[in-house]
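# Observations on the three-dimensional arrangement
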Amino acid sequence: MADLETAVLDGGPAGGLRVRVSGRPAVLQVTYPCELEEPACGVRVEALHVYRLDHRVQEEPLRYSYDRASP
């Protein structure tokens, strides 16, 4: 198993959260459940937010910046 590193999410709806990542992934996806007005036979809806690795940061905590244009 690869070593885990601490990363902080910068900006967006998850700004300030700290996570542990393995292998320095280029992109992290954060999802939030959306409330449905009526039950929908097992269907769920989630808002998707994308955070991209800031390659300038080489030491912990790594930094992932919110990408407003994604997905």
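Relevant structure appears above.
Read on for a plain summary of the structure. (Residues numbered from 1 in each chain as written. Predicted model: local features only at pLDDT ≥ 70, side-chain atom pairs only at ≥ 80, totals over all residues. Heavy atoms only, no water.)

## A short note on the side chain of D54
Quick reminder of the rule: Secondary structure elements are defined from DSSP: runs of H or I of at least 4 residues count as helices, runs of E of at least 2 residues count as strands, and each element is numbered from the N terminus. Throughout this description, buried means an accessible area under 20% of the type-specific maximum (1.4 Å probe, protein chains only), exposed means over 50%, and partly exposed covers the range between.
Mapped onto the fold, D54 is located in the loop between β4 (46-53) and β5 (62-67). For D54, a relative accessible area of 9% puts it in the buried group.

## A look at the environment of G15
Using the following cut-off: Note on contacts: a residue pair is in contact if any heavy atoms of the two residues lie within 4.5 Å.
Here G15 is to be found in the loop between β1 (4-10) and β2 (18-22). As for G15 and E37, which are separated by 22 residues in sequence, their C-alpha atoms are 28 Å apart. Beyond its immediate chain neighbours, meaning those up to four positions away, G15 contacts L9, D10 and Y51.

## A closer look at the environment of V21
Tracing the backbone through its elements, the reader meets V21 in strand β2. Residue V21 is classed as buried on the basis of its relative accessible area of 5%. Remark: the alpha-carbon pair of V21 and R52, spanning 31 residues in sequence, is separated by 13 Å. In this structure, V21 is in contact with D3, L4, E5, A7, L28, L62 and Y64, ignoring residues within four places of it in sequence.

## Let's talk about the pattern of salt bridges
Just so we agree on the cut-off: Salt bridges, as used here, are contacts in which a Lys or Arg side-chain nitrogen is within 4 Å of a carboxyl oxygen on Asp or Glu.
Tallied over the full model, the rule gives 7 salt bridges. For D10, the salt bridge is made with R63, and the minimal N-O distance between the two is 2.6 Å. A residue pair is termed long-range when its members are at least 10 positions apart, and D10 in strand β1 and R63 in strand β5 qualify at 53 residues. By relative accessible area, which is 33% here, D10 ends up partly exposed. Between E60 and R20 there is a salt bridge, with the nearest N and O atoms lying 3.7 Å from each other.

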